[in-house]
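A look at the structure
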Amino acid sequence: QASDLVAAVACFAGALTLSNDLGVFPLTELSSEYTPRPLMVIHGNADIVVPYEKAPSISALSPDSPYSALGAEGNLALWGGYNGCPGDAAIKTPKDNYTLHEIDCNGVVSALVEVPGVGHYPLYDVGGVVSGLVHYGATGQTTTAPFDTTQLAWDFLKTASIINCPAGCVSVNARQRRQLL
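Along each chain, numbering runs from 1 in the same order as the chain's sequence is written. A pLDDT threshold of at least 70 governs which residues receive local features in this predicted model, and a stricter bar of 80 or more applies before side-chain atom pairs are shown or counted, although totals over entire chains, interfaces and linings include all residues. No hydrogens and no water enter the side-chain calculation; it runs on all heavy atoms of the structure.

**Some points on the sheet that holds strand S2 (residues 39-44)**
- In short, DSSP must find at least two bridges between two strands for them to pair. Working definition: helices are DSSP H or I runs of at least four residues, strands are E runs of at least two. Numbering for both runs from the N terminus. Reading across the sheet, the 5 strands line up as S1-S2-S5-S4-S3 and stay open at both edges, with mixed pairing between neighbours. Edge positions in the sheet fall to strand S1 (9-12) and strand S3 (91-94), since each of these pairs with one other strand and no more. Each strand axis lies, on average, 15° off the axis of its neighbour in the sheet, ignoring direction.
- Bridge count between S1 and S2: 4 bridges; the pairing is parallel. Across the sheet, residue phenylalanine 12 finds its bridge partner in S2, namely isoleucine 42.
- By the convention used here, residues are in contact when the closest approach between their heavy atoms is within 4.5 Å. Helix axes are fitted to C-alpha atoms over the stretch in contact, other axes to C-alpha atoms as well, and angles between N-to-C directions run from 0 to 180 degrees. Its contacts with the sheet put helix H1 (residues 71-82) on S2, S3, strand S4 (99-105) and strand S5 (108-115), and the angle it makes with S5 is roughly 175°.
- Sheet contacts for helix H2 (residues 149-157): S1, S2 and S5; angle to S1, the most-contacted strand, approximately 165°.

Shown next, in the form of structure tokens:
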């Protein structure tokens, strides 16, 4: 809803949903001024809080929401659809510590980083700081990532730009709004 202000998004263990300005979801359509934006989700495939796999609805507040239980790959496909690539068009590329799922919609790349065996905190645990805060996790489950996922997210985000956007990719109203900020 603020694609005129946000160049890209990266999140950890997130379920994607559209919401209206009051935070109520689901919002069934995007604003007519939406501009496709890249997204990266870093998600452990052993997450029991926001399940990686498609599951029955997990939202007590909105059990009928079509967005609450798509799973990580379903959420990536949903975002690809928002950006103009319908269907499950992700390309999977195995890496050393994760599998990268990417959807490239005319140069707007959205990605899912699947971290195997990791739970709800797919963050790199430098000095035990993250694991000291962990409240969710199954017995014997690895709760943090074995590599720097924050750096991976930053490397993804820093390539995005609104300023270098070609003329016409953002509405005139949106450009004026950005100048006021």
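**Considering H1**
- By this rule the span expected of a helix is its residue count minus one, scaled by 1.5 Å. Across its 12 residues, H1 extends 16 Å between first and last C-alpha, which sits within 8% of the 16 Å expected from 1.5 Å per residue.
- Burial status follows relative accessibility: with a 1.4 Å probe on protein chains alone, a residue under 20% of its type maximum counts as buried, one over 50% as exposed, and anything between as partly exposed. Those residues of H1 that fall on the buried side of the exposure criterion are Gly71, Ala72, Asn75, Leu76, Ala77, Leu78, Trp79, Gly80 and Tyr82.
- Considering only its buried residues, H1 is in contact with S2, S4 and S5.
- One or two steps after H1, the chain reaches glycine 84, where phi turns positive at roughly 105°.

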